[in-house]
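What follows is the residue order along each chain.
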Amino acid sequence: MAIDPSDGPDPLSLLAPLMRQKDCSFKIEPYWIYELCHGRYLRQFHEEQIQQSNKANKVKLTEYYLGRARQQTDGGDVDPLEPPTVVEDGEQARKVTTLTIDGRSYPYYGINMTGGTPCDLQEKTARQSAIKYVCNNVLGRNEIVSLVETTTCEYEVIMATPLLCENPAYVPKEDVVNNIECHPMDGSSRYPEMMKEYHEVEIEPSLSGEDSQEVHASGKSQNVEQAIVASVPDDPVVVKQFLAGEYCLKGGSGWWHFEVCYGRYVKQFHVDSKGRTEIFLGYWDEQVSV
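Okay, so let's go over this structure. Source: prediction; values computed, not measured. (Residues numbered from 1 in each chain as written. Predicted model: local features only at pLDDT ≥ 70, side-chain atom pairs only at ≥ 80, totals over all residues. Heavy atoms only, no water.)

## Looking at the overall build of the chain
And then number 1: For the chain, the helix and strand inventory stands at 5 helices and 20 strands.
And then number 2: A total of 290 residues make up the chain; the buried ones form 32% of that total.
And then number 3: Carbon and sulfur atoms make up 48% of the accessible area of the chain, which amounts to about 18,900 Å² in all. (Helix = DSSP H or I, 4+ residues; strand = E, 2+ residues; numbered from the N terminus. Buried < 20%, exposed > 50% of the residue type's maximum accessible area, 1.4 Å probe, protein only. Areas by Shrake-Rupley, 256 points an atom, 1.4 Å probe, with all protein chains shown as cover.)

Here it is, written out as structure tokens:
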């Protein structure tokens, strides 16, 4: 039985801190940077430094607005922040729809952004976006999970935020998990053979809170379905590699990302079309640290 969203706080009120704050959320790709300013606009841009002789470098900015939260029409100011309603048993109730992420169903609160930069491929059509906010307490922060162009000049953004979790109608249902107990056959190894071939493990956080892993065995990439998925705290191989300085922790969002290599260094880095920029924040000194 679906939970009536009216039983909890109004979702737009829950998202109000995001709408009022001046900080925006970013998604960085090799060439384009996407800027989502909640309740205002979604922008796609690229900055390029142009060298000039005997002058300071000039910045060339290429940008497209993929939608704005409010637009002016002949009938007055239209506010797309007002969510759709449906009539149920003579009463109005907010319609809660769902989307699927990593095989799991997430209720979302949608905001439409229209009136963006005119579309180059479709005359008299402006770029527009659908911003879909989903509840997620695992990440513990507001973060763009995905941004895709669903069709020409129309975009979809999935935004994870813990703010929406205060309304139970937007909390994703827990998956039913049946435990499977496995027992090794007589004479078999305690650990699968593939674990012995681990060469490098890269772990990235997913929306579900589980670790998605890409395993490189003997220098060759292995599919995650072929690898043994284990969380960092419970995987003795990963912990051993980290303490030995063979495996580094990576994370961060926005412009800078960070890499921590135990017993070696801590650095921040940024990757774009021009290459990789690195700043070392400190090196390991055993005499000072121990």
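## Here's the deal with the packing of aromatic side chains
And then number 1: Per the stated rule, a full pass over the model turns up 7 aromatic pairs.
And then number 2: Centroid distance Tyr 31 to Trp 32: 5.1 Å. Interplanar angle 85°. Geometry classified as edge-to-face.
And then number 3: Judged by centre distance (5.9 Å) and plane angle (65°), the ring pair of Trp 32 and Tyr 64 falls under edge-to-face. Taken together, the residues span a long stretch of sequence, with Trp 32 in the loop between strand S1 (25–28) and strand S2 (33–37) and Tyr 64 in strand S4 (residues 55–68) at a distance of 32 residues.
And then number 4: By the ring-pair criterion, three or more aromatic residues cluster together here, those being Tyr 31, Trp 32 and Tyr 64. (Phe/Tyr/Trp six-rings, centres within 6.5 Å; stacked < 30°, edge-to-face > 60°.)

## Observations regarding the sheet that holds strand S13 (residues 154–161)
And then number 1: Taken in spatial order, the 5 strands of this open sheet run S9-S10-S11-S13-S12, and their pairing is mixed. Of all strands in the sheet, those bounded by a partner on one side alone are strand S9 (97–101) and strand S12 (143–151). For this sheet, the mean angle separating the axes of adjacent strands, direction not counted, is 35°.
And then number 2: Alignment of S9 against strand S10 (residues 104–113), held across 5 bridges, turns out to be antiparallel. (Pairing = 2+ DSSP bridges. Axes fitted to C-alpha atoms, helices over the stretch in contact; angles between N-to-C directions.)

## Thoughts on a nonpolar patch on the surface
And then number 1: On the surface, a cluster of nonpolar side chains totalling about 430 Å² of accessible area is made up of Leu 249, Phe 258, Val 260, Val 266, Ile 279 and Leu 281.
And then number 2: Within the residue set of the nonpolar patch, elements represented by two or more residues are strand S18 (257–261) and strand S20 (275–283).
And then number 3: Mapped onto the elements, Leu 249 comes out in strand S17 (residues 249–251).
And then number 4: In this structure Leu 249 comes out as partly exposed when scored by relative accessible area, which is 36%. (Patch = residues over 30% accessible without salt bridge, like charges linked within 9 Å, V, L, I, M, F, W, Y side chains within 5 Å. Salt bridge = Lys/Arg side-chain N within 4 Å of Asp/Glu carboxyl O.)

## Structural notes on the nonpolar core
And then number 1: One finds Leu 15, Leu 36, Leu 42, Ile 131, Tyr 133, Val 157 and Leu 164 to be the most contacted residues of the largest nonpolar core, which totals 23 residues.
And then number 2: When contributions to this core are tallied by element, the ones reaching two or more residues are helix H2 (16–20), S2, S10, strand S11 (128–135), S12 and S13.
And then number 3: In this structure, Leu 36 is in contact with Cys 24, Ser 25, Tyr 41, Leu 42, Met 113, Ile 131, Ile 144, Val 157 and Met 159, ignoring residues within four places of it in sequence.
And then number 4: Among the nonpolar cores identified, the runner-up in size contains 8 residues, and Leu 99, Tyr 106, Val 134 and Ala 160 belong to it. (Core = buried A, V, L, I, M, F, W, Y, C linked by side-chain atoms within 4.5 Å. Contact = heavy atoms within 4.5 Å.)

## Section: unusual backbone geometry
And then number 1: With a phi close to 55°, Asp 102 is a non-glycine residue in the positive phi region.
And then number 2: You can see Asp 102 is positioned in the loop between S9 and S10.
And then number 3: Positioned with a positive phi, Lys 124 is a non-glycine residue whose angle comes to about 60°.
And then number 4: With respect to the secondary-structure elements, Lys 124 resides in the loop between S10 and S11.
And then number 5: Under the relative-accessibility criterion, Lys 124 is labelled exposed at 88%.

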